[in-house]
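# Architecture and fold: a report
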Amino acid sequence: MAKLAFPPLILFFLLSFIPSQAALPLHTPIQKDHSTGQYIISAYLKTPLKLTKLLLDLGATYSWVNCDDYISSTYQHIPCNGSLAKTIIDYGCMNTCDDPPGPNCGNNSSIFLPNNPIKAVDYRKVYGVNAALVDSLALPDTQGSLVSINNFIFSCARTGFLKGLAKGVTGLASLGNSMLSIPVQINKAFSSSPNCFAMCLSGSTSQPGLALFGSKGPYNFLQGIDLSKSLVYTPLLFNPLGRDSDPDTHRLSPEYYLGLTSIKVNGKVVALNKTLLAIDASSSFNLTTTKPVKPFGACYPASAVKNTQMGPAVPIIELVLDRQDVVWKMFGSNSMVRVTKKSVDLWCLGFVDGGGIDGPSIVIGGHQLEDNLLQFDLQSKKLGFSSSILSKGTNCADFKFSTGKI
């Protein structure tokens, strides 16, 4: 079984602000922080609205924001005995708060237990119980106008939760399969729109990709290319035993899983390790290997590998999913990673041993997703994927955002 997961978006425009009744889709850029490899999504929070950078997480149940310096005139705690508390996945009640009243602290308020997927939180030093809040969240529509989602539910978190996150990031944006994720809360605010979001991570070193919420297409990129017509669909699977799941309440993990039946390299089924589904790259790629660089297990001299429109010229890796004709193709731009340091110049196979036996067989990471359009249809429980859009003569940085400035 394969899992879609990676540990994140920066907005550069603002024309006007309107309440939550505009037409969707809403959209926002996804910016890669190259010093950490994290993908950053930005949203407007608080009153007055403030641009907030958040780590994008496809496997989180809810979003969280550092509240140590959170200032907003519209935030509210969620009363423990209120109707809203009964509809959210809370972890208890803060009956009496010992700290001064504020976003982090409210009597008789619901609480969350957020986590940092990049660096484990030291709960000996950082208070792990945090208040659940509601406040305004806003994202731009395709005309550049900010659209408000009122009563957006998220968790506070202390400053200690930010360790390991990219510079300027003050929280986490949940895009998981959860009633509290950003796409699902947007769908609640716009119930006539599809419960669906699309994502395209940019492989550019400087230009962003994007996320689109509440639309199944068209997804128009430059040169008039509608990438919604290039999607192939496979069922989304949900794990009763994965991250944030709860067998006692039958709560499924918010992570996204796909059924994987086989892997092909150069059109031929490759031998798989039955427990790890590891690719035997040395024999399949028909290239002379060299001493690998950690954490990679198979590397090749860069001088021996030609460059093409689709990245380094290596055999195509095909993930055969629920049917033999549903195939996710990974070209060199997604399967290989360039390593240049000191006297080393290599192309390395971008798959590493996760080291565990209890998790999914394969985790599809951010590098494998770059310049691939993904559509998460949460209503129909299926994933639409394009394979590399470099073959279409475009890329994820070619989406034409509305113009304007903050």
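Fair warning: this is a prediction, and the values are worked out from it, not measured in the lab. (Residues numbered from 1 in each chain as written. Predicted model: local features only at pLDDT ≥ 70, side-chain atom pairs only at ≥ 80, totals over all residues. Heavy atoms only, no water.)

Here the focus is the pairing of strand β11 (residues 145-157). Most of β11 sits out of view: 11 of its 13 residues are buried. Here 3 bridges tie strand β6 (residues 64-66) to β11, and the two strands are oriented parallel to one another. Along β11, the bridge assignment pairs W64 with S155. Two elements, strand β10 (residues 130-140) and β11, share 8 bridges in a ladder whose sense is antiparallel. Each residue of the ladder has a partner; that of D135, found in β11, is F152. Once β10 ends, the chain turns through 4 residues before running back antiparallel as β11, passing G144 with a positive phi of about 95°. (Buried < 20%, exposed > 50% of the residue type's maximum accessible area, 1.4 Å probe, protein only. Helix = DSSP H or I, 4+ residues; strand = E, 2+ residues; numbered from the N terminus. Pairing = 2+ DSSP bridges.)

Another aspect to go through is the UniProt feature "active site" (unreviewed entry) in the protein. Sequence positions flagged by UniProt for "active site" (unreviewed entry) are, in local numbering, D57 and D280. Residue position: D57 is located in strand β5 (residues 50-57). Residue classification places D57 among the buried positions, given a relative accessible area of 3%. A polar side-chain atom of D57 sits 2.8 Å from the main-chain amide nitrogen of G59. (UniProt positions renumbered as here; feature names shortened; annotations may be inferred. Polar contact = N/O pair within 3.5 Å; in protein donor to acceptor, adjacent residues only side chain to side chain.)

Moving on to the nonpolar core. I186, M199, F213, L319, W328 and F376 are the most contacted members of the largest nonpolar core, which has 62 residues in total. No other element matches β11, which puts 5 residues into this core. The contact partners of F213, leaving out residues within four places of it in the chain, are L24, P25, L26, T28, I41, L139, L175, I182, P183, I186, C196 and F197. (Core = buried A, V, L, I, M, F, W, Y, C linked by side-chain atoms within 4.5 Å. Contact = heavy atoms within 4.5 Å.)

Reported here for the second largest pocket is a volume of approximately 340 Å³. Lining the second largest pocket are 15 residues, with N177, S178, M179, R251 and L252 positioned closest to its centre. Classifying every residue of the lining of the second largest pocket by side-chain character gives 7 nonpolar, 6 polar and 2 charged. (1 Å grid on protein atoms, 1.4 Å probe; cavity = no way out; pocket = protein on both sides within 12 Å on 5 of 7 lines; lining within 4 Å. Points joined across faces, edges and corners; volume = space filled by probe spheres on them. Nonpolar A, V, L, I, M, F, W, Y, C, P; charged D, E, K, R; others polar.)

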